[in-house]
Amino acid sequence: MPRSVNSVAKRARRKKVLKQAKGFFGRRKNVWTVAKNAVDKAMLYSYRDRRVKKRNFRALWITRINAGARTYGLSYSQFMGKLKANDIELNRKVLADLAMNNPEAFKAVIEKVK
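What counts, and at which threshold
- Residues numbered from 1 in each chain as written.
- Predicted model: local features only at pLDDT ≥ 70, side-chain atom pairs only at ≥ 80, totals over all residues.
- Heavy atoms only, no water.
- UniProt positions renumbered as here; feature names shortened; annotations may be inferred.
- Helix = DSSP H or I, 4+ residues; strand = E, 2+ residues; numbered from the N terminus.
- Buried < 20%, exposed > 50% of the residue type's maximum accessible area, 1.4 Å probe, protein only.
- Contact = heavy atoms within 4.5 Å.
- Axes fitted to C-alpha atoms, helices over the stretch in contact; angles between N-to-C directions.
- Parallel < 35°, antiparallel > 145°, perpendicular 65-115°, else oblique.
- Left-handed = near helix turned anticlockwise from the far one by under 90°.
- Nonpolar A, V, L, I, M, F, W, Y, C, P; charged D, E, K, R; others polar.
- Salt bridge = Lys/Arg side-chain N within 4 Å of Asp/Glu carboxyl O.

In the nomenclature of an unreviewed UniProt entry, the protein chain is known as Large ribosomal subunit protein bL20 of Mariniflexile soesokkakense. In UniProt, the protein chain has this text filed under Function (unreviewed entry): "Binds directly to 23S ribosomal RNA and is necessary for the in vitro assembly process of the 50S ribosomal subunit. It is not involved in the protein synthesizing functions of that subunit." The UniProt entry for the protein chain carries this comment under Sequence similarities (unreviewed entry): "Belongs to the bacterial ribosomal protein bL20 family."

Okay, here's the thing in structure tokens:
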């Protein structure tokens, strides 16, 4: 019996990977073996960095809240402790936005906890 190969499926798989590699530099975009490895690595990075992005934004928010709180004589940890003690449930994203874009509202929050 002759050997059976499914060329249609093979070509479809390769086309899918090469389409994902579109925009890569050099042989990474059009040579199957190189593109396959590049796409695998890119997928790993994208999976990892969707989680890292959350950490980076939290760190950014903390930095902004700290800068805003220090203008009123409080450190970040003191400010967050007083927020908890006064049952003010504003998350870090909102607090950072207030500190950056609406200083008078942030000042009102500071006055509330002092």
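From this point, the discussion proceeds with the structure in view.
Another aspect to go through is the environment of Phe79. Mapped onto the elements, Phe79 comes out in helix 3 (residues 76-85). Relative accessible area serves as the criterion here: at 0%, Phe79 is assigned to the buried category. Separated by 31 residues in sequence, Phe79 and Ile110 place their C-alpha atoms 7.8 Å apart. Phe79 has contacts with Ile65, Ala69, Leu74, Leu95, Phe106, Val109, Ile110 and Val113, leaving out every residue within four places of it along the chain.

Quick look at the packing of helix 3 against helix 5 (residues 103-113) now. Relative orientation and spacing of two packed helices are given, respectively, by the angle between their axes and the distance between those axes. Helix 5 packs onto helix 3 with a crossing angle of 70° between their chain directions and a minimal axis gap of 9 Å. Between helix 3 and helix 5, the interaxial angle falls into the category roughly perpendicular. When the axes of helix 3 and helix 5 are compared, the crossing they make is left-handed. Here Phe79, Lys82 and Leu83 of helix 3 lie close against helix 5, whose contacting residues are Phe106, Val109, Ile110 and Val113. Among the residues making up the contact of helix 3 with helix 5, the classes are represented as six nonpolar, no polar and one charged.

Turning to the pattern of salt bridges, a few remarks are in order. Under the defined criterion, the tally for this structure stands at one salt bridge. Between Asp49 and Arg48 there is a salt bridge, and its shortest N-O distance comes to 2.9 Å.

This part covers the side chain of Ser75. Structurally, Ser75 is set in the loop between helix 2 (32-70) and helix 3. Those residues in contact with Ser75 that lie beyond four places of it in its chain are Asn66, Ala69 and Arg70.

Another aspect to go through is the packing of helix 1 (residues 7-20) against helix 2. Following both chains from N to C, one finds helix 1 and helix 2 inclined at 60°, their axes separated by 9 Å at the closest point. Classified by the interaxial angle, the pair formed by helix 1 and helix 2 is oblique. Here helix 1 runs over helix 2; the crossing is left-handed. Here helix 1 contributes Arg13, Arg14, Val17, Leu18 and Gln20 to the contact with helix 2, which in turn contributes Trp32, Ala35, Lys36, Val39 and Met43. Of the residues in the contact of helix 1 with helix 2, the class split is six nonpolar, one polar and three charged.

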